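Okay, here's what each chain looks like letter by letter:
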Amino acid sequence: MASIIKQKMGSGTRYMIQLSEGEDARRPKIAFGLCTRKDAETARGHIERLATAKRTGGTLSPETQAWLVGIPAALRERLEALGLVERSAKNRWTVSAWVASYIDQRPDVKEATRRKWKDVQEKLNVFFKDDPIGDVTQQHAKNFRIYLQTTVELSENTIRRHIGIARQFFNAAIKAEIITKNPFRGQSVCVRANESRFFFVSPDLAKTVLAACPDAEWRLIFGLARWGGLRCPSEVVSLKWQDVDFEKQRFTVHSPKTEHHIGQESRIVPMFPELKPLFQDAFDQANEGSVYCIERYKDGKEVNLRTQLERILRKAGIPVWAKLFQNCRSSRETELFKLTGGNVKAVCSWLGNSPAVALQHYAQVTEADMKLAAKKAVLSDAEQTVQNTAKQEGTRENGENQYAPASACDFSDLHRNSLPYKDLQVGDAGLEPATSRV
């Protein structure tokens, strides 16, 4: 039998119900706060029926079921924690259990996406442990962000990606009607461009790297990243010889990253002059019947080209720059903007990104841009000096500029009053209309 404990409070009487030793060796207490003795007696009767049903597997009476429907949320959560009542959907799912279930239910995603999800899953499991998903508040979500920043020591952009994935997990819980609000809503998830990690791979440096590559396949890998602007490794290793048109000097790139967007499954890229000998060399050395341009990675296993390129650079004594392949792609996009005279549509079509993404995450301001701007500024100053000298030479002795108009110029009739070239007379005076002598 459960017992009632009575405590005097300043403004009334507080009641608690303590389970008997036979029901729970710990004899936990269930607090009811300020209530009447009658209410405490009623609650004790229903709690005893709950304990009996748990012990015997029996069913609850309609009265007890109705009582459970009307009790406060805090009291129900206490009964759930003691195992007297089945957990609701909100409290049955812990954060770790829900995330694991969600990932298992998504066999449609690529393996690279799954790895990113599992990375975030591990951090969520460490931070939230066995917390019910319904108990996670906005403050808990903010604390998780601080945990990623201070304990895990992730960069700001990596934190934003992690928060975005966590928000995706909780949005799915909302759709499953497990929770009603997303505690991660409102946090920044958009990745910002970090210009300090930009590096322009100059043509001269690119040629040096190309010379350090061990074989034709690796020269093509680097060339496709630097002069083709392909995403590496996904677009590079999936390129097939059937996608390469030597006659029309172009090739088709199939993009795993954008294939779920309508019309962005593939794109056609010109075979730029820098790529022609690389394609030809790799083709000449390929085994008969080869399907993929980069045959060594045809098995589809996880590819870590970055580590191998780092080895190539270090062996050749070339400094390793940040974001090796992304900066190759960034350098090419920056280069193409200049080579095409700013044809944004063509460049973005070839590289497979939007103008907004290109300008924010790829286009760079190079040292050559700075020098050219400074050179133009110097020329502008020199021209201004010449103009000022001419004005000074044309100033009358009384200080009045003889070239300055007496009043403001009106150019509205310039076109109407000008003579067509066929009416101009060329004589000793030069290319001027004929005038009478004074």
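Here is what the cut-offs are and how they apply
Residues numbered from 1 in each chain as written. Predicted model: local features only at pLDDT ≥ 70, side-chain atom pairs only at ≥ 80, totals over all residues. Heavy atoms only, no water. Helix = DSSP H or I, 4+ residues; strand = E, 2+ residues; numbered from the N terminus. Core = buried A, V, L, I, M, F, W, Y, C linked by side-chain atoms within 4.5 Å. Buried < 20%, exposed > 50% of the residue type's maximum accessible area, 1.4 Å probe, protein only. Contact = heavy atoms within 4.5 Å. Patch = residues over 30% accessible without salt bridge, like charges linked within 9 Å, V, L, I, M, F, W, Y side chains within 5 Å. Areas by Shrake-Rupley, 256 points an atom, 1.4 Å probe, with all protein chains shown as cover. Salt bridge = Lys/Arg side-chain N within 4 Å of Asp/Glu carboxyl O. Lys, Arg positive; Asp, Glu negative; His and termini not counted. Charge placed at Lys NZ, Arg CZ, Asp CG, Glu CD. pLDDT = per-residue confidence, 0-100. Arc of directions from axis to C-beta. Pairing = 2+ DSSP bridges.

## Looking at unusual backbone geometry
Turning to step 1, where the next piece is worked out: Following Cys232, the chain continues into Pro233 via a peptide bond in cis, with omega recorded as 15°.
Turning to step 2, where the next piece is worked out: Structurally, the position occupied by Pro233 is in the loop between α10 (216-226) and α11 (234-237).
Turning to step 3, where the next piece is worked out: Notably, Glu153 is not glycine yet its phi reads approximately 60°, a positive angle.
Turning to step 4, where the next piece is worked out: Of note, the phi angle at Lys323 is positive, near 45°, even though the residue is not glycine.
Turning to step 5, where the next piece is worked out: In this fold, Lys323 is placed in the loop between α13 (305-315) and α14 (324-339).

## Brief notes about the nonpolar core
Nonpolar side chains in soluble globular proteins tend to be buried together.
Turning to step 1, where the next piece is worked out: Core analysis: the biggest nonpolar cluster contains 49 residues, and Phe222, Leu224, Phe251, Leu275, Phe279, Trp321 and Phe325 have the highest contact counts within it.
Turning to step 2, where the next piece is worked out: Mapped by element, the contributors of at least two residues to this core are α9 (203-212), α10, α11, β5 (250-254), α12 (276-285), α13, α14 and α15 (344-351).
Turning to step 3, where the next piece is worked out: Excluding its chain neighbours within four sequence positions, the residues that come into contact with Leu224 are Gly229, Leu230, Val236, Leu239, Phe251, Leu275 and Phe279.
Turning to step 4, where the next piece is worked out: Counting residues in each nonpolar core, the second largest holds 28 residues, with Val95, Ile103, Trp117 and Ile133 among its members.

## Some thoughts on a negative patch on the surface
Turning to step 1, where the next piece is worked out: There is a patch of like negative charges on the surface, built from Glu77, Asp130, Asp131 and Asp135.
Turning to step 2, where the next piece is worked out: Along the polypeptide, Asp130 turns up in the loop between α6 (111-128) and α7 (138-150).

## Considering the confidence of the model for the protein
Turning to step 1, where the next piece is worked out: In the predicted model, the protein carries a mean pLDDT of 81, and 81% of its residues have values of at least 70.
Turning to step 2, where the next piece is worked out: Overall, residues 395-438 carries pLDDT values under 50, and its contacts beyond four positions in sequence, including any with other chains, amount to 17 contacts.

## Observations regarding helix α3 (residues 73-81)
Turning to step 1, where the next piece is worked out: The set of residues buried in α3 consists of Leu75, Leu79 and Glu80. Seen end-on, α3 carries its buried residues on one side only, within an arc spanning 140°. For α3, the exposed residues set more than 90 degrees away from the buried face come down to Ala73, Ala74 and Ala81.
Turning to step 2, where the next piece is worked out: Taken from the residues just after α3, Gly83 is the one with a positive phi, measuring 80°.

## Quick notes on the pairing of strand β2 (residues 13-18)
Turning to step 1, where the next piece is worked out: In terms of burial, β2 is largely enclosed, as five of its six residues are buried.
Turning to step 2, where the next piece is worked out: Pairing of strand β1 (residues 3-8) with β2 involves six bridges; the strand directions are antiparallel. Each bridged residue has a counterpart across the sheet, and for Lys6 the counterpart in β2 is Tyr15.
Turning to step 3, where the next piece is worked out: Relative to strand β3 (residues 29-34), β2 runs antiparallel, the two being bridged by five bridges. The residue of β3 that forms the bridge with Ile17 is Ile30.

## Re the environment of Ile5
Turning to step 1, where the next piece is worked out: Locating Ile5 in the fold gives a position in strand β1.
Turning to step 2, where the next piece is worked out: With relative accessibility at 21%, the residue Ile5 sits in the partly exposed group.

## Here's the deal with a positive patch on the surface
Turning to step 1, where the next piece is worked out: Judged by side-chain charge, Arg115, Lys116, Arg161 and Lys257 come together as a positively charged surface patch.
Turning to step 2, where the next piece is worked out: With relative accessibility at 46%, the residue Arg161 sits in the partly exposed group.

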